[in-house]
Amino acid sequence: MKRLAYIDWMRGLACVLMFQTHAYDSWMSLEAKKSSSVIAWSRLGGTLPAPLFIFLAGVSFALMTERLREKGIERNAISRQTIRRGAEIFGMGLLFRVQEFALGYPWSPWTDLLRVDVLNILGLSMMLMGVLCWATGDHAAAIARTRTLAAALFATATVAMLTPPLWTTHRPKFLPWPLESYINGVHIFNEPQPWLFPLFPWAAFAFGGLAVGFFLFTDITKRREGLMFAALGGAGILAGILSVLFDSSPIRLYAVYDYWHTSPNFFLMRCGILLVILFLVYAWCRWGLAQKGFSPIIQLGKTSLLVYWVHIEFVYGRFSILPKAQCSALKATVGLLIIFLSMLALSLLRTSWKKRTAKAS
């Protein structure tokens, strides 16, 4: 099996789940949302794309770092390259907000320019991971891998544990709201908003993915890859069980406990789900039909940033292909199919263009 096939498949899955969530949310009328069960299932699926994207960014970051180490590139050069890539993604996030503001003018409020979105946190998380890998990478490859894996797990737990107080009792209110929003997603409101993507808790998914990525490069995983992926799936199930047990415990570590938004217990549950999905996708790519012939899911995963960027305008933006908040579930489903096929065609064009450019070079 091609080593990155399961990563592309997971990214493609995140794209499809993202398409359907945005399509039904944008196009279905209020009456249709009340009368149809489609929206409930759509929103449930919509809880996965952001954690998947950020988690996979961590996994891919580890794979890239390991490959650079195997080529003998020294750690300062690796850190410069990886941190620069994170800065590029962060810059794209800022550019995306400018585009959304320009296309939504004059209805878009200027504060939307400073809204913390997925691309912003992806970029910042990559920069932080670059710093972490630099700090732990001054040894032989095997030692550096173990140190970085342990540091990534520690960073994951630290971010998850600090999230509740930074959202409630110990908010950094002394910061201007654009800066505080990167900590807890407060934006222009009086309290943090769960629909935004601040570093706490979202960076924890990136650090968790980083730890998993380095685990995939350990000697035992290389020797018994299938078994280790199954172990990750088992760890995911265990994490879900522990999440439920901790949630039902009378012991409370925080003055304000909110399982569904800030609790480390909910983060543990979501990490468990990600690990189970990782194992199932790995199994599907290795032993199933995922790589038999052309896979539209893998194709979308290869160009996930592009299709994320473009589809927003045709679902939520000024160029929406259907009237917003006016459609039935059936009409929205037809629109979803059009978006899926259009983004797949765009993805194929992008891949073809890159191949022609590489060949010409």
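See the structure shown above.
Calculation criteria
Residues numbered from 1 in each chain as written. Predicted model: local features only at pLDDT ≥ 70, side-chain atom pairs only at ≥ 80, totals over all residues. Heavy atoms only, no water. Helix = DSSP H or I, 4+ residues; strand = E, 2+ residues; numbered from the N terminus. Rg over C-alpha atoms; globule rule 2.2 N^0.38 Å. Buried < 20%, exposed > 50% of the residue type's maximum accessible area, 1.4 Å probe, protein only. Areas by Shrake-Rupley, 256 points an atom, 1.4 Å probe, with all protein chains shown as cover. Lys, Arg positive; Asp, Glu negative; His and termini not counted. Charge placed at Lys NZ, Arg CZ, Asp CG, Glu CD. Phe/Tyr/Trp six-rings, centres within 6.5 Å; stacked < 30°, edge-to-face > 60°. Salt bridge = Lys/Arg side-chain N within 4 Å of Asp/Glu carboxyl O. Axes fitted to C-alpha atoms, helices over the stretch in contact; angles between N-to-C directions. Parallel < 35°, antiparallel > 145°, perpendicular 65-115°, else oblique. Left-handed = near helix turned anticlockwise from the far one by under 90°. Contact = heavy atoms within 4.5 Å. Nonpolar A, V, L, I, M, F, W, Y, C, P; charged D, E, K, R; others polar. Patch = residues over 30% accessible without salt bridge, like charges linked within 9 Å, V, L, I, M, F, W, Y side chains within 5 Å.

### What about the overall build of the protein?
Scanning the protein from terminus to terminus reveals 15 helices and zero strands. Relative to the globule expectation of 21 Å for 361 residues, the C-alpha radius of gyration of the protein, 21 Å, shows essentially globular dimensions. Its C-alpha atoms give the protein principal-axis dimensions of roughly 60 × 60 × 35 Å. Taking all 361 residues of the protein together, 51% fall into the buried category. Carbon and sulfur atoms provide 68% of the accessible area of the protein, an area that totals close to 17,700 Å². Charged side chains of the protein number 35 positive and 18 negative; the gap between the two group centres comes to 8 Å.

### Some thoughts on the packing of aromatic side chains
Within a pair of aromatic rings, the relevant descriptors are the distance that separates the centres and the angle that separates the planes. Using the criterion set out here, one finds 16 aromatic pairs in the structure. Relative to Phe229, the ring of Tyr6 has its centre 5.2 Å away and its plane inclined at 75°; by these criteria the two rings are edge-to-face. Of the two residues, Tyr6 sits in helix α1 (residues 5–27) while Phe229 sits in helix α11 (residues 225–248), which places them 223 residues apart along the sequence. A ring pair is formed by Phe96 and Tyr308, whose centres lie 5.7 Å apart and whose planes are at 35°; its orientation type is tilted. One end of the pair, Phe96, is in helix α5 (residues 75–104); the other, Tyr308, is in helix α14 (residues 304–315), with 212 residues separating them in the sequence. The same class applies to Phe96 as to Tyr308, namely buried.

### Focus: the pattern of salt bridges
Taken as a whole and assessed by the stated rule, the structure comprises 10 salt bridges. Of the charged contacts, one joins Asp8 and Arg11 as a salt bridge, the two residues approaching to 3.8 Å between their closest N and O atoms. Taken together, the positions of Asp8 and Arg11, both in helix α1 and three residues apart, correspond to about one turn of that helix. Given the relative accessible area of 18%, Arg11 is considered buried. As a salt-bridge pair, Arg85 and Glu88 come within 3.1 Å of each other at their nearest N and O atoms.

### Here's the deal with the packing of helix α4 (residues 49–70) against helix α9 (residues 199–215)
Pairs of packed helices are described in terms of their axes, by the angle between the two and the distance that separates them. Packing of α4 against α9 leaves a shortest axis separation of 7 Å and a crossing angle of 40°. In terms of their interaxial angle, α4 and α9 are classed as oblique. Of the two possible hands of crossing, α4 and α9 adopt the one that is right-handed. In contact with Ala50, Pro51, Ile54, Phe55, Gly58, Val59, Phe61, Ala62, Leu63, Thr65, Glu66 and Arg69 of α4, α9 contributes Trp202, Phe205, Ala206, Gly208, Gly209, Leu210, Val212, Gly213 and Phe214. A breakdown of the residues in the contact of α4 with α9 according to their chemical character gives 14 nonpolar, five polar and two charged.

### Some words on a nonpolar patch on the surface
Where nonpolar side chains cluster on the molecular surface, the patch consists of Phe314, Phe319, Ile321, Leu330, Val334 and Ile338 and spans about 550 Å² of accessible area. Here the element with the most residues in the nonpolar patch is helix α15 (residues 329–360); it accounts for three residues. With respect to the helices and strands, Phe314 occurs in helix α14. Taking relative accessible area as the criterion, Phe314 reaches 32% and is therefore assigned partly exposed.

### A closer look at the packing of α1 against helix α3 (residues 38–45)
α3 packs onto α1 with a crossing angle of 140° between their chain directions and a minimal axis gap of 9 Å. The orientation of α1 with respect to α3, classified from their angle, is oblique. The two elements α1 and α3 cross, and the hand of that crossing is left-handed. In this structure, α1 uses Leu17, Gln20, Thr21, Tyr24 and Asp25 to contact α3, whose residues at the interface are Val38, Ile39, Ser42 and Gly45. In terms of residue class, the contact of α1 with α3 is made up of four nonpolar, four polar and one charged.

### What about unusual backbone geometry?
Look at the link from Tyr105 to Pro106: it is a cis peptide, with omega at 10°. Within the secondary structure layout, Pro106 lies in the loop between α5 and α6 (118–136). That bond from Phe200 to Pro201 is cis: its omega, 15°, falls within 30 degrees of zero. Note on placement: Pro201 falls in helix α9. Despite not being glycine, His187 shows a phi value in the positive range, around 55°.

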